[in-house]
Amino acid sequence: MADGTELDAAADGTDIGAAADGTDAGTRTGTGTGTDPVTGTPRSSAGAGTAGEGTPAVPLPPEWAGSDLPAEEPFRSFLAAPGPETAAEMERYGAELAARHTGLDGDALCTLTLAVLDGCGPPEGRAQLRTDLAARAAGAAAQTDTTGPAAGRATVWRTLGDLLAREEGAEVAGQPLMRRLAPVFAGDPGAPAARRFRLLSALYETVTRG
């Protein structure tokens, strides 16, 4: 996902989820005139946060008015196509950002889970995948109490498991997923992934408010 100097790339220079299907996250979320993976409709290559004749479908939070970040994918698409489906895609991207921030972006289980959430991989493997995610969450939670990197990783593993469960029709208990992920970034709010998550959260609150 190309976002200039503000991109929080993985430590080895690769983008999370790229290994699973050979494409970067910006390609999956739609750049240029591709097809929106959520709505199945063609995307315009018009300017950031625009729909139709250039009117934003979602109002941009004032604090981001002077930033280049809303012009980048996936934010441009989120701004142009609000709705329940967009909210679900935002939650998936929030989990991806949290994985980057906690150093899980290079973990094979994390990469595989994100690929499955993108529609890749055999559906019959989901039950085992959820079991593996629960085991990782328990292992990470056992390393700490409520703070620190391990606590953040436990949150990421649980969130990934809940995203899979919800896709299969299960009810997800507890806090909304985006609010659950927010504390993961609290220790380093100036990090690139944290900055992207703040914009993501603002857009999420806008599209889910009504």
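Refer to the structure printed above.
Residues numbered from 1 in each chain as written. Predicted model: local features only at pLDDT ≥ 70, side-chain atom pairs only at ≥ 80, totals over all residues. Heavy atoms only, no water.

**Q** Break down the overall build of the protein for me, with residues and values.
**A** When its secondary structure is counted, the protein shows nine helices and zero strands. Ordering the α and β elements of the protein from the N terminus gives α-α-α-α-α-α-α-α-α. In the protein, which comprises 210 residues, the share counted as buried stands at 45%. Considering only contacts within the protein whose residues lie at least 6 apart along the sequence, 64% involve residues at least 24 apart. When the accessible area of the protein is evaluated, it comes to approximately 10000 Å², of which 54% is carbon and sulfur surface. (Helix = DSSP H or I, 4+ residues; strand = E, 2+ residues; numbered from the N terminus. Buried < 20%, exposed > 50% of the residue type's maximum accessible area, 1.4 Å probe, protein only. Contact = heavy atoms within 4.5 Å. Areas by Shrake-Rupley, 256 points an atom, 1.4 Å probe, with all protein chains shown as cover.)

**Q** I'd like to hear about unusual backbone geometry, residue by residue, with values.
**A** Following Glu 73, the chain continues to Pro 74 via a peptide bond in cis, the omega torsion being 5°. Examined against the element boundaries, Pro 74 turns out to sit in the loop between helix H2 (25–29) and helix H3 (75–80).

**Q** I'd love a proper account of the side chain of Glu 73, names of residues and values included.
**A** Its location among the elements puts Glu 73 in the loop between H2 and H3. Judged by its relative accessible area of 7%, Glu 73 is buried. At a separation of 3.2 Å, a polar atom in the side chain of Glu 73 contacts the side chain of Arg 76. Within polar-contact distance, the side chain of Glu 73 engages the side chain of Ser 77 at 2.7 Å. (Polar contact = N/O pair within 3.5 Å; in protein donor to acceptor, adjacent residues only side chain to side chain.)

**Q** Can you break down the nonpolar core residue by residue, with the values?
**A** Among the nonpolar cores identified, the biggest contains 43 residues, and Phe 75, Trp 157, Leu 160, Phe 185, Leu 200 and Leu 203 are the most heavily contacted of them. Within the residue set of this core, elements represented by two or more residues are H3, helix H4 (84–101), helix H5 (108–117), helix H6 (126–141), helix H7 (149–167), helix H8 (177–181) and helix H9 (192–208). For this core, the leading source of residues is H9, giving eight residues. Discounting residues that sit within four places of it in the chain, Phe 185 has contacts with Gly 94, Leu 97, Ala 98, His 101, Ala 193, Ala 194 and Phe 197. (Core = buried A, V, L, I, M, F, W, Y, C linked by side-chain atoms within 4.5 Å.)

**Q** How would you explain the environment of Pro 59 if you had to name every residue and give the values?
**A** Here Pro 59 shows up in the loop between H2 and H3. The exposure class of Pro 59 is exposed, given its relative accessible area of 57%. Separated by 148 residues in the primary sequence, Pro 59 and Val 207 place their C-alpha atoms 9.6 Å from one another.

**Q** Help me get a handle on the packing of H6 against H7, residues and values and all.
**A** Two measures define how a pair of helices packs: the angle their axes make with one another and the distance between the axes. Look at H6 against H7: their axes get within 8 Å of each other, and the N-to-C directions meet at 160°. One way to sum up the angle between H6 and H7 is to call them roughly antiparallel. Where H6 crosses over H7, the handedness of that crossing is left-handed. On the side of H6, the interface is formed by Arg 126, Leu 129, Arg 130, Leu 133, Arg 136, Ala 137, Ala 140 and Ala 141, while H7 contributes Ala 150, Arg 153, Ala 154, Trp 157, Arg 158, Leu 160, Gly 161, Leu 164, Ala 165 and Glu 167. Here the residues of the contact of H6 with H7 sort into 11 nonpolar, one polar and six charged. (Axes fitted to C-alpha atoms, helices over the stretch in contact; angles between N-to-C directions. Parallel < 35°, antiparallel > 145°, perpendicular 65-115°, else oblique. Left-handed = near helix turned anticlockwise from the far one by under 90°. Nonpolar A, V, L, I, M, F, W, Y, C, P; charged D, E, K, R; others polar.)

**Q** Residue-level account of H4, with values.
**A** Here H4 spans 26 Å end to end across 18 residues, near enough to the 26 Å set by a 1.5 Å rise per residue. Counting buried positions along H4 gives 14 out of 18 residues, so the element sits mostly inside the fold. Trailing H4 by a residue or two, Gly 103 shows a phi angle of about 80°, which is positive. (Expected span 1.5 Å × (residues − 1).)

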